[in-house]
Number of protein chains: 2
Amino acid sequence: MNKTFAVPRGTSDILPDAIPLWEALESKARKICKSYGYREIRTPIYEDINLFKRSLGATSDVVHKQLLEMVSSKEEEGYALRPEGTASIVRSYLENSFDKKEPLSKFFYIGPMFRGERPQKGRLRQFHQIGVEAIGTDGASPFLDAEILTLVMHLLQEFHVQGPKLKINSLGSKEDKERISLWLRKEFTKHKNELCEDCQRRYEHNVFRVLDCKNEKCRKIVDSFVQDLPLSDISRGYFEAVQKALKEAGINFEIAPHLVRGLDYYTHTVFEITAEGLGSQDAVGAGGRYAGLLDDLGGNEKTEYGAIGFALGMERILLASGKAQEGPQTIDAFVIETQAEYQFRSFQLLSDLRKNGISATTNFSGGSMKSLMNQANKANARFALIIGDQEFKDETVSVKNMSTSQQETVALSGIIEIMKDKLK
Amino acid sequence: MNKTFAVPRGTSDILPDAIPLWEALESKARKICKSYGYREIRTPIYEDINLFKRSLGATSDVVHKQLLEMVSSKEEEGYALRPEGTASIVRSYLENSFDKKEPLSKFFYIGPMFRGERPQKGRLRQFHQIGVEAIGTDGASPFLDAEILTLVMHLLQEFHVQGPKLKINSLGSKEDKERISLWLRKEFTKHKNELCEDCQRRYEHNVFRVLDCKNEKCRKIVDSFVQDLPLSDISRGYFEAVQKALKEAGINFEIAPHLVRGLDYYTHTVFEITAEGLGSQDAVGAGGRYAGLLDDLGGNEKTEYGAIGFALGMERILLASGKAQEGPQTIDAFVIETQAEYQFRSFQLLSDLRKNGISATTNFSGGSMKSLMNQANKANARFALIIGDQEFKDETVSVKNMSTSQQETVALSGIIEIMKDKLK
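What comes next concerns the included structure. (Residues numbered from 1 in each chain as written. Chains lettered and ligands numbered in written order. Predicted model: local features only at pLDDT ≥ 70, side-chain atom pairs only at ≥ 80, totals over all residues. Heavy atoms only, no water.)

Before going further, it helps to examine the nonpolar core. The biggest cluster of nonpolar side chains holds 68 residues, and the ones touching the most others in it are A:L353, A:L385, A:M419, B:Y38 and B:F159. If you tally residues by element for this core, the top one is helix α6 (residues 142-158) of chain B, at 10 residues. Beyond its immediate sequence surroundings of up to four residues, A:L385 is in contact with A:A333, A:F334, A:V335, A:I336, A:L349, A:L353, A:V397, A:S398, A:V399, A:I415 and A:M419. With 56 residues, the next largest nonpolar core counts A:F127, A:F208, A:L211 and A:L231 among its residues. (Core = buried A, V, L, I, M, F, W, Y, C linked by side-chain atoms within 4.5 Å. Buried < 20%, exposed > 50% of the residue type's maximum accessible area, 1.4 Å probe, protein only. Helix = DSSP H or I, 4+ residues; strand = E, 2+ residues; numbered from the N terminus. Contact = heavy atoms within 4.5 Å.)

So, about the packing of helix α1 (residues 19-35) of chain B against α6(B). Residues and elements named next belong to chain B. Between α1 and α6, the shortest axis-to-axis distance is 10 Å and the interhelical angle comes to 150°. Relative to α6, the crossing made by α1 is right-handed. Two secondary-structure elements touch here, α1 through K28, A29, I32 and C33 and α6 through L151, H154, L155 and E158. (Axes fitted to C-alpha atoms, helices over the stretch in contact; angles between N-to-C directions. Left-handed = near helix turned anticlockwise from the far one by under 90°.)

Residues and elements named next belong to chain A. Here strand β6 (residues 165-170) runs beside strand β8 (residues 267-274); their pairing, made up of six bridges, is antiparallel. Within the sheet, the bridge partner assigned to K165 lies in β8 and is T274. Relative to strand β7 (residues 254-255), β6 is paired through two bridges, and the arrangement is parallel. Paired with K167 across the strands is E254, a residue of β7. (Pairing = 2+ DSSP bridges.)

Moving on: the relation of the copies chain A and chain B. A rotation about some axis, followed by a shift along it, carries one copy of the chain onto the other. Superposing chain A onto chain B takes a rotation of 180° plus a shift of 0.0 Å along the axis, which leaves an RMSD of 0.0 Å. Taken together, the rotation and translation describe the operation of a two-fold axis. Ranked by how close their C-alpha atoms come to the rotation axis, the residues of chain A are headed by A:M70, at 2.0 Å. Both copies contact each other with a shared surface, as 100% of the interface residues of chain A are interface residues in chain B too. (Least-squares fit on C-alpha atoms with pLDDT ≥ 70 in both.)

Here the focus is the sheet that holds β8(A). Residue and element names in this part refer to chain A. Strands sit in the order β1-β4-β5-β10-β9-β8-β6-β7 across an open sheet of eight strands; the sheet is mixed. Taken across any chain shown, the strands that pair with only one partner, and hence form the sheet edges, are β1 (39-40) and β7. One ladder, built from eight bridges, connects strand β5 (residues 126-136) with strand β10 (residues 306-313); its direction is antiparallel. The partner of G136 across the bridge, within β10, is G306. Contacting β1, β4 (104-114) and β5, helix α1 (residues 19-35) crosses the sheet at an angle of about 165° to β4.

Residue and element names in this part refer to chain B. Inspection of the secondary structure assignment puts R42 in the loop between β1 (39-40) and β2 (46-48). R42 sits in the buried class, given a relative accessible area of 18%. Of the polar contacts made by the side chain of R42, one reaches the side chain of E40; its length is 3.0 Å. (Polar contact = N/O pair within 3.5 Å; in protein donor to acceptor, adjacent residues only side chain to side chain.)

Another point: the side chain of A:R115. All names here are of chain A. Examined against the element boundaries, R115 turns out to sit in the loop between β4 and β5. At 3.2 Å, the side chain of R115 forms a polar contact with the backbone oxygen of P83. Each residue touching R115, except ones within four places of it in the same chain, is listed here: V62, Q66, L68, P83, E84, L124, R125 and F127.

Here we take up the packing of helix α7 (residues 174-189) of chain A against helix α9 (residues 216-225) of chain A. How two helices pack is summed up by the angle between their axes together with the distance between the axes. Residue and element names in this part refer to chain A. Axis separation between α7 and α9 bottoms out at 11 Å; the angle between their running directions is 120°. Between α7 and α9 lies a crossing of right-handed hand. Between α7 and α9, the residues in contact are W183, L184, E187 and F188 and I221, V222 and F225, respectively. Here the residues of the contact of α7 with α9 are counted per class, giving six nonpolar, no polar and one charged. (Nonpolar A, V, L, I, M, F, W, Y, C, P; charged D, E, K, R; others polar.)

All names here are of chain A. Within the open sheet, the five strands sit side by side as β12-β11-β13-β14-β15. Their pairing is mixed. Edge strands, defined here as strands with exactly one partner in the open sheet, are β12 (360-362) and β15 (407-411). For this sheet the average axis-to-axis angle between neighbouring strands, irrespective of direction, equals 30°. Against the sheet, helix α14 (residues 369-378) contacts β11 (331-337), β13 (381-387) and β14 (396-401), and its axis sits at roughly 165° relative to β11.

Further remarks concern the interface of chain A and chain B. Interfaces are often sized by the amount of accessible area the parts lose when they come together. Listed as interface residues are 96 residues of chain A and, on the opposing side, 97 residues of chain B. Across the chain A to chain B interface the summed buried area is about 8,700 Å²; carbon plus sulfur atoms make up 56%. Among the residues chain A hides against chain B, the three largest losses belong to A:F5, A:R42 and A:F364. Together they make up 10% of the total. Summed over the shared surface of chain A and chain B, the number is 12 salt bridges. Across the pair B:R91 and A:D13 runs a salt bridge, and its minimum N-O distance is 2.6 Å. Our count for the contact surface shared by chain A and chain B stands at 34 residue pairs in polar contact (both at pLDDT 80 or more). With eight residues, helix α13 (residues 343-355) of chain A is the largest single contributor of residues to the side of chain A that touches chain B. (Buried area = accessible area lost by both parts, 1.4 Å probe. Salt bridge = Lys/Arg side-chain N within 4 Å of Asp/Glu carboxyl O.)

Time to look at the environment of A:N377. Note that A:N377 resides in helix α14. Sequence separation of A:N377 and A:F347 is 30 residues, and the distance between their C-alpha atoms is 20 Å.

Another aspect to go through is helix α13 (residues 343-355) of chain B. Residues and elements named next belong to chain B. Compared with an ideal rise of 1.5 Å per residue, which puts 13 residues at 18 Å, α13 spans 18 Å between its outermost C-alpha atoms and is within 8% of the ideal. Buried within α13 are the following residues: Q343, R345, S346, F347, L349, L350, S351, L353 and R354. A positive phi of about 75° marks G357, the residue just after α13. (Expected span 1.5 Å × (residues − 1).)

Applying the stated criterion across every chain, the model contains 26 aromatic pairs over all chains. Ring centres of A:F188 and A:F225 lie 5.3 Å apart, and the angle between their planes is 80°; on these two criteria the pair is classed as edge-to-face. Here the residue A:F188 occupies a position in helix α7, and A:F225 occupies one in helix α9, the gap between them amounting to 37 residues. In terms of burial, A:F188 and A:F225 fall into one category: buried. Where B:Y342 meets B:F392, the ring centres are 4.2 Å apart and the plane angle is 10°; that geometry is what we call stacked. Of this pair, B:Y342 sits in the loop between β11 (331-337) and α13 while B:F392 sits in helix α15 (residues 389-394), placing them 50 residues apart in sequence. By relative accessible area, which is 9% here, B:Y342 ends up buried. (Phe/Tyr/Trp six-rings, centres within 6.5 Å; stacked < 30°, edge-to-face > 60°.)

Here's what the structure looks like:
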């Protein structure tokens, strides 16, 4: 026997029975994002590896441990499968000069992302995200933050995510972040040996990450002196305007002073949404402001950009959506002929049905009436259309309603009209 | 200034203006494939590289020169981005034991494929396909070939592809292929030195490929002795039954005795569809039967499988569809406020519109009325909703029809009903 193959570790097939759930998610996302004036964009599955190094930070976990790289050739530098969507969209925004076309560009995307997680952890290497990015010279309004947060909560509601909770924080401006970073490092120095191993490293490279460490000891230290991040007055005013707009729009939220997010590029508003029933990995999505990324990726130095976005994990959403909302796929008609020589007739019937928008299928190799009826049932057919000896002779077809078992025989020439009527 | 990044060679961004064309293609494909009883399946972007080596043949051009490989780690064997869809779907079919669940499984897929074409040739490294595969113990009926060919022509018609032409051929059974291969090699021996360089190589590894060489000398030699492939009676009978079913279904086709397709796994029916206006690269899709692939990839030795499928190139289809059929994306409302302090009111209005399924957007940073009207125009807004001083005081909103320039002022409390009415 030949070797069999398995789906790569950390990836999975989405089989036909699961497709309706994914399709529903995608079509809802498209509809809602469009109704907020966001437009779909699709970037390639892989990018120049340096795009990710530059945007996510060369020392970040994603770049350091999780990029799935492609074999590079002599003539060309390396590529990596995209670990997230923001870097690619900022790259496309700048490359296609959207900043010269419109004051604010509002994008959304839906698609696979890739991280080389160690497979023994049971984490996914290919996963799927719905994401949104608003970028532009008009992008620094607190009402845009409120729009983005309203949109994310609207999406989760339409997806039937159970118990979604919005947590927000502000990291302040780039200057605030530097100042706060020095302050945090100074404070942590007193407790440096009590921090967990990871946080000892974070203390050096990205001290903000200590704030959301789950280790109990680290938490105690953080709680002891960080009630609020000491923002500048301008940054605080901006954050308060965001909160005010959210309240007016009736969006519930919670301030989470220790929320920082893993990626280096965030400034000002950051947020995370958790849901019920997901255990300890309860985030379904997150995002924040990232104006600095435009500069890092070669934006015009004289232009002041504003940018904010989020990404939702589709696998997580499906887990958090409770019971499947979509029924199984059905088909309008299953065509059956009782003799092989009637196949030309039944094939003609199939073609006619499909041309008229009536979904129809058949078995191609015959069998007993019982086995054929079983197959029609399995295919979730609403009607069985039967060509037996009498029907073949009379140019008729018997139409059986699969749920009521009622059956009638009608002229083949009128079958399309009759089926359209029955399917109404 | 920081380094800017470009989209990887041989790939491209699908920007928002082009999205409606792609969406239309995808939603038509989904609707039509479903109406034929085919169900969507999604396999990962990459697979075990050996899956492709085994299925496509280690000496094939695709495997030899065009696989985009991923960097492998010590613990795991290599992966490659999928160059086509069939191998992955057969892998999934066998891995998920579809052969034990149903006599015939009918799948379709839509998604990106990858080939490491040399970029100087201007060919795509990431391209997109719509494909269909029917696999099962009931898969060896000539009516299934006819169904697949009817489906492919139905899709191309709905896609408005100009002048689609279906060419079919039969390579016969595996045994036929071996016998024909010997015969061809014997015939070509007399002319071996006259064959082009590529065909000298093909003569050794896959002599069938000499039949569709475009080189004039090779063509002359082929034409001199191959009018028809010498099939066995059974294979010829099968091919004739396919043709008969196609004729009854009113599908035009042409027999192309030199059509062989590049992939090793095809037996019996093979086909290709060309379109007008594409120059020398005029194929929009192709496919064929490939029962042997099930055995190669570890199918049950005692089971007799039948399998047939095709793939359509989405980029080629868009090129061959003549003018864009889809208009630009519009938005129902563009909300304008004349003072920054009215933004809370306009944000509330935006939220209400969107909650009620009315698409709406705004500019977040104000500006002159003229510039705001320009932005509303650019966004293809159907209506501008304006909150000026008077409107703010009176709790009203002015509604301007952007195509007729007619304007009226209505109560804010009734705006949703009024907009719903106007948008009917």
